[in-house]
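Commentary on secondary and tertiary structure
As a plain string of letters, each chain reads:
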Amino acid sequence: MPLIIPSNYKQKLLPETTEQAIQLLKVCFQEKLSKTLNLRRITAPLFVLSGTGINDDLNGVERAVTFPIKCMGDRKAEVVHSLAKWKRMKLGAYGIPAGYGLYTDMNAIRSDEELDNLHSLYVDQWDWERTIREEDRNLGYLKKTVRQIYTLLKEIEVMVYDQYPHITPALPENITFIHSEELQLMYPELTPRERENKAAEKFGAIFVIGIGAQLTNGEKHDGRAPDYDDWSSLNSDGFQGLNGDIILWNEVLGCAFELSSMGIRVDKEALIKQLDLSGCPERKELEFHKALLDGKLPLSIGGGIGQSRLCMFFLKKAHIGEVQASIWPEEQFDVCYKNNIFLL
């Protein structure tokens, strides 16, 4: 999206106070997330071996940052995009039972990202995954988990207000669930991004269900890799998808603000179906996919919650570069500086 410059923008916190607030938010949120979802922290890799199918393929077109490993005959490694599949392998390796899971600090480099207010070359998020039972693979379980996470967001908002009373709460009492197909039927003349803007502004906080599947108009609301979220199974609403995005209304930028992508993960049947729909059935031979098809991985639900985005939203920042150190085009840096947006 084009760079957004809010009119008469003023920082709610000075840079040095912002750094303290970032630490407070990150420490408190991960503690709350761990207790609420029964997660234990584990250490995350910065890179994985290429050709294993473990890395997140995102929309399938983004290039991973790669490098040769000299002592392994120049075998290639690649910096992670996210840990969507790696986490599920760890659930199995650690034998974590249903109802419990893990989370980790994920750091990634996405060199193909279009840089703007919300997107950076550097990505930091809490990646989490929890083991579930077969009977938990339903829309009700997904919604329950979303509501638990939304409750945490509300608690963080109140905590920020207690610490900095001039930063007032804005989130609605409840999050609204809406399917991507319903959005398409409500606003057929709009793009998916414009539909999210309309719904987020109307409700304040939404969870858009079913991202990755083809809609009745022949398009997709947004892309999803075929091998982690289940976006093809029919749910109790009669639509496809057991996944989605938590999207908030960002009053500073005046736009929809995606904070988290999450979902119930594919089982054997959904994986085969989605690989075929995506035209990549050959992935069945990769390490991760073979393990799943052979029944060696547990059923799970999981997702990622943006750390910088969370800080940006609750501290009322206009640019993600105000809460993380990264690289920006010189012209973007200059425009921001002239409009009181000071990038770290």
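Everything quoted here is computed from the prediction, not taken from an experiment.

It is worth spelling out the side chain of serine 82 at this point. Take serine 82: it is sitting in the loop between strand S4 (75-79) and helix H2 (84-94). Here alanine 84 takes part through its backbone nitrogen, which lies 3.4 Å from a polar atom of the side chain of serine 82. The contact partners of serine 82, leaving out residues within four places of it in the chain, are Asn55, Asp56, Met106, Arg110, Gln125 and Asp127.

Another point: the sheet that holds strand S7 (residues 176-179). By definition, the strands of a sheet pair up through backbone hydrogen bonds, in either a parallel or an antiparallel sense. Spatial strand order, S1-S5-S6-S11-S10-S9-S8-S7: eight strands in an open sheet with mixed pairing. Of all the strands in the sheet, the pair left with one neighbour each is strand S1 (39-41) and S7. Adjacent strand axes in the sheet meet at a mean angle of 30°, parallel and antiparallel pairs treated alike. When strand S8 (residues 205-209) meets strand S9 (residues 243-250), the two strands line up antiparallel, connected through five bridges. Bridge pairing in S9 places valine 208 opposite aspartate 245.

Locating serine 34 in the fold gives a position in helix H1 (residues 15-37). In this structure the C-alpha to C-alpha distance between serine 34 and glycine 101, which are 67 residues apart in sequence, comes to 8.9 Å. Aside from chain neighbours lying at most four places away, what touches serine 34 is Leu39 and Tyr103.

Time to look at the packing of H1 against helix H8 (residues 307-314). The N-to-C vectors of H1 and H8 enclose an angle of 120°; their axes lie 10 Å apart at closest approach. Between H1 and H8, the angle falls in the class oblique. The crossing of H1 and H8 is right-handed. Of H8, the residues touching H1 (which contributes Ile22, Leu25, Lys26 and Phe29) are Gln307, Leu310, Cys311 and Phe314. In terms of residue class, the contact of H1 with H8 is built from six nonpolar, one polar and one charged.

With the exception of glycine, the majority of residues adopt a negative phi angle, and the majority of peptide bonds are in the trans configuration. Within the chain, aspartate 74 stands out as a residue other than glycine whose phi angle is a positive 65°. According to the relative accessible area criterion, aspartate 74 is partly exposed, its value standing at 46%. Backbone geometry places asparagine 340, a non-glycine residue, at a positive phi of 65°. Within the secondary structure layout, asparagine 340 lies in the segment after helix H9 (330-338).

What counts and what doesn't
- Residues numbered from 1 in each chain as written.
- Predicted model: local features only at pLDDT ≥ 70, side-chain atom pairs only at ≥ 80, totals over all residues.
- Heavy atoms only, no water.
- Helix = DSSP H or I, 4+ residues; strand = E, 2+ residues; numbered from the N terminus.
- Polar contact = N/O pair within 3.5 Å; in protein donor to acceptor, adjacent residues only side chain to side chain.
- Contact = heavy atoms within 4.5 Å.
- Pairing = 2+ DSSP bridges.
- Axes fitted to C-alpha atoms, helices over the stretch in contact; angles between N-to-C directions.
- Parallel < 35°, antiparallel > 145°, perpendicular 65-115°, else oblique.
- Left-handed = near helix turned anticlockwise from the far one by under 90°.
- Nonpolar A, V, L, I, M, F, W, Y, C, P; charged D, E, K, R; others polar.
- Buried < 20%, exposed > 50% of the residue type's maximum accessible area, 1.4 Å probe, protein only.

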